[in-house]
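Each chain, letter by letter, is given below.
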Amino acid sequence: MTPRVLRRLKCSVALGVIAAQIGLAVAPAAAFCGFYVAKADSKLFNKSSKVVLAWDDGKTAVTMVNDYEGDPKEFAVVVPVPTFIERKQIGIVDMKTVDHLDAFTAPRLVEYFDDDPCRSRAFDMTSVRGVGAPQPAPPMANQKAVRYAGVTVEATYDVAEYDISILSAEQSDGLVNWLTDNGYRIPDGAEAVLASYIKQKMHFFVAKVNLERMELQGSKFLRPLQVRYETKKFMLPLRLGTVNANGPQDLIVLALTRKGRVETANYRTVKLPSDLEVPLYVKEEFPSFYKALFQRAVEREDMHAVFLEYAWDMGWCDPCAAEPLKNKELVELGARWIGSDDDQPFQPSGGSNAYVTRLHVRYDAAHFPEDLAFQETRDRANFQGRYILRHPYEGSANCSAGDSYLASLPARYESEAQTLAQLTGWNPTGIRARMEQTGQSFKPQENQGIGPWIRRNIFRN
Amino acid sequence: MAHSGSVHAVALPERYPIAQRVAALPWRAWLSDARHFQIAALATLLCVNMSWLDFGAKPLPSLLAIASTLGAQITCSQLWRLPRIDLRSPLITGFSLSLLLRTDDPALMAVAGVIAIVAKFAIRIDGKHLWNPAAIAIVTLLFTTDQAWISPGQWGASVWFAALLAFLAILVLHASRRTDIALFFLGGHAGLLVARALWLGDPLAIPLHQLESGALLLFAFFMISDPRTAPDSRLGRLVFALAVALLAYWLAFFQQLRPALPVALVAVSLFTPILDRLLPAERFQWSKPSLKGAAS
């Protein structure tokens, strides 16, 4: 919020309204770093992907969230990884933990209520500071050999509901044959991309669902898979995911780092418009508002940018859109450097810093030909996607300041309408009509009665 | 950046007041000096950054970088008793630092400016400074503090393309033979990226996208092409440019080093004196000495 607004407002309630899945439901999507493939020809796609990427100077943990909604037996994923992966480097993460970080970092709507204008002339800045103050985190032998030429199944693991294989390959056609014969349906065009990864000495992490184990464990849905490894390559492979894509896809990267904000080194990273006052009715339509806003931002950057939605020290939040994460949750998500995995909310102390960056990208092969390459900056400045509802004072405001206050409201509403139109591309006339319906009238407002009339017309300054 | 002022061979019969030594050049001389156009191009980029398309430069750090390079140039010119104080080269260095270097502490930008200029005056071999000032300042900060980084990918295609055209125009209009090194380097760098894509079987969109980096342009047109630090002979410059391109490629793709270009330049610059001895040629100077007794 700008200092100007801060000076004029007193916040009595700061309400975080979470748009955890916003923007996600916009476009059908395949998958971020691999592609989902089916055993049969059934249609498979995800609406979007989410990745938690914990990075500490090469120690990497990638948690992949599948919001796959098809039949589990048809789920499969192929992800290029930079090194061989041992069993102990693979884990399952509780979906709730990822959802928690998602909610914690999601773009938010905040509400402020105007003060009584008759009493706010000698406005006390300290009260504002109290409002905005940081909250500490509370509490077939030969034939096969030919057909699978160059493919080595380096290991196979049973991990919870998943059957996982780690492959290395020398030739992409052998790899494609192996994947196809093992029930992974490989889209046309993937072979060239696989060949590129093979030459870059990447390994392949491939996973399918084991229905028996899934049943035994009583899992109803597929839990996020986590892979941990050490690499200099701070990147996410996108390219396989664009091969069979049906239009642009959305990816949200939640990066946990020690030192500071993460940005893409090979694409523009752009902050989303934030800290703007919007009409009150947006409260009822926040998801569609945010989707439209994101779409506009993508269009403005000609779909060539990655968007920053949140960048903040994990030790505090303001306003908090969700309860701060606990140490054990951060460790579960891969931030093992923080030193503690207890049940306490994370607090930075002696070198155990944690910083979260939320990046949102809408991508396709034409606009994002290359995988995302990241770099960790030392920038620890705070940023959040935040949109402000500012409720007018509803008392009598019967004083000369109240007269000016009431007179200023239509212009303020107009400014909110224009902001909303600009952010979302919605029709300004429709916005104004909706505002009228929801109590934000553009008609001139004034105190009624003879007293106020005399004050306005005879005793005005 | 880097185009340093003349610093060597100075024995002044008397000290001149600073005001007299900041030489006023005739209009034609202004037009014939590429640095004026470079300053205009970099200033425009900085304005674009501040007003329209943010690629990360902030007002205070930029101001500190520019003020510190200018201040350091004036101070060092006094200490080294130069007949003229030339503020054009430090201004280019200041702009380049503003556009490239990012820190979480603005004071470090001032430190970078001082490192750049002091290194230019103090670290000299055969009367020629060894490192491009901005490159050595960036690399020093990257490796000695934990608070600096460069953001290579933030320009976006339109600004990148406009900048490329502007820089090429300056290069062509002021066809100094020395600036061939920018083209040698860009050719080598692009060649390696395209060769990599062909080897991997990747679409050409990938190397083209990789070339679309603002940092690459500043590097090619202002750092490696600094005529005051580049090797004297054309063959020397070709060898130098290709060596930088190769080392940068190795650093970027095998070591995953994001600021590969300035690091490669600083490393290869160590061999410039050897190249100059093996392949001797006339030394570059920006302009003829304007005061009697002051060389180059």
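These figures come from a predicted structure and were not determined experimentally.

### Brief notes about the overall build of chain B
Stage number 1. Secondary structure summary: chain B contains 14 helices and 4 strands in total.
Stage number 2. Residues classed as buried in chain B amount to 46% of the 296 residues present.
Stage number 3. Across chain B, the fraction of contacts at a sequence separation of at least 24, relative to all contacts at a separation of at least 6, is 79%.

### Thoughts on helix 5 (residues 172-181) of chain A
Three- or four-residue spacings in an α-helix give side chains the same orientation, since the helix completes a turn every 3.6 residues.
Residues and elements named next belong to chain A.
Stage number 1. Ser 172, Gly 174, Leu 175, Trp 178 and Leu 179 are the residues of helix 5 that are buried. On an axial view of helix 5, the arc spanned by its buried residues comes to 155°, and they lie on one face.
Stage number 2. Summarising the contacts, the buried residues of helix 5 are in contact with strand 5 (76-81), strand 10 (162-168), helix 6 (190-199) and strand 11 (203-209).
Stage number 3. A positive backbone phi angle near 90° is found at Gly 183, which sits one or two residues after helix 5.

### Some details on the interface of chain B and chain A
Stage number 1. Across the boundary between the two partners, chain B contributes 24 residues, which contact 23 residues of chain A.
Stage number 2. When residues of the side of chain B that touches chain A are traced back to their parent elements, those giving at least two are strand 4 (148-150), helix 9 (180-200) and helix 10 (205-211) of chain B.
Stage number 3. Ranked by the residues each element gives to the side of chain B that touches chain A, the list is headed by helix 10 of chain B, at 4 residues.
Stage number 4. Broken down by class, the residue content of the side of chain B that touches chain A amounts to 9 nonpolar, 10 polar and 5 charged.

### Here's the deal with the domain arrangement of chain B
Residues and elements named next belong to chain B.
Stage number 1. Taken domain by domain, chain B comprises domain 1 (30-151) and domain 2 (157-278).
Stage number 2. Computed from C-alpha atoms alone, the centre-to-centre distance between domain 1 and domain 2 is 19 Å.
Stage number 3. Counting residues at the interface gives 26 residues for domain 1, matched by 24 residues for domain 2.
Stage number 4. Along the lines of polarity and charge, the residues of the side of domain 1 that touches domain 2 split into 20 nonpolar, 4 polar and 2 charged.

### Describing the packing of helix 11 (residues 400-424) of chain A against helix 12 (residues 428-437) of chain A
Residue and element names in this part refer to chain A.
Stage number 1. Following both chains from N to C, one finds helix 11 and helix 12 inclined at 135°, their axes separated by 9 Å at the closest point. Judged by the inter-axis angle, helix 11 sits oblique to helix 12. You can see that helix 11 and helix 12 cross each other, and the crossing is right-handed. Residues Tyr 413, Ala 417, Gln 418, Leu 420 and Ala 421 of helix 11 touch helix 12, and the partners they reach there are Pro 428, Ile 431, Arg 432 and Met 435.

### Remarks on the sheet that holds strand 21 (residues 372-376) of chain A
Residues and elements named next belong to chain A.
Stage number 1. The sheet built from 3 strands is open, its strands ordered 13-21-15 with antiparallel pairing. At either end of the open sheet lies a strand with only one pairing partner, and these are strand 13 (235-236) and strand 15 (262-264).
Stage number 2. Pairing of strand 13 with strand 21 involves 2 bridges; the strand directions are antiparallel. Across the sheet, the residue bridging to Met 235 is Ala 373, located in strand 21.

Rules used in this analysis
- Each chain carries its own residue numbering, running from 1 in the direction its sequence is written.
- Working convention: letters from A go to chains and numbers from 1 go to ligands, in the order in which they are written.
- It should be noted that, the model being predicted, local features are given only for residues of pLDDT at least 70 and side-chain atom pairs only at 80 or more, the latter also being counted only at that level, while totals for whole chains, interfaces and linings use all residues.
- Think of it this way: any DSSP run of H or I at least four residues long counts as a helix, any run of E at least two long counts as a strand, and we number them from the N terminus.
- With C-beta atoms placed from the backbone, a residue is labelled by how many other C-beta atoms lie within 10 Å of its own: buried for 20 or more, exposed for 12 or fewer, partly exposed between the two.
- Residues are treated as contacting if the C-beta atoms built from their backbones sit within 7 Å of each other.
- The directions considered for the arc run from the helix axis to the C-beta atoms.
- Each residue is assigned to one of three groups, with Ala, Val, Leu, Ile, Met, Phe, Trp, Tyr, Cys and Pro labelled nonpolar, Asp, Glu, Lys and Arg labelled charged, and all others, Gly among them, labelled polar.
- Domain start and stop points were drawn from an automatic or database domain assignment.
- The angle between two axes is taken between their N-to-C directions and runs from 0 to 180 degrees, where each axis is a line fitted to C-alpha atoms and a helix contributes only its stretch in contact.
- Angles are sorted into four bins: roughly parallel if under 35 degrees, roughly antiparallel if over 145, roughly perpendicular if 65 to 115, and oblique for all others.
- Definitions for this section: a left-handed crossing has its near helix turned counterclockwise from the far helix by less than a right angle. A right-handed crossing has that turn clockwise.
- One bridge is not enough; two strands pair if DSSP finds at least two bridges between them.

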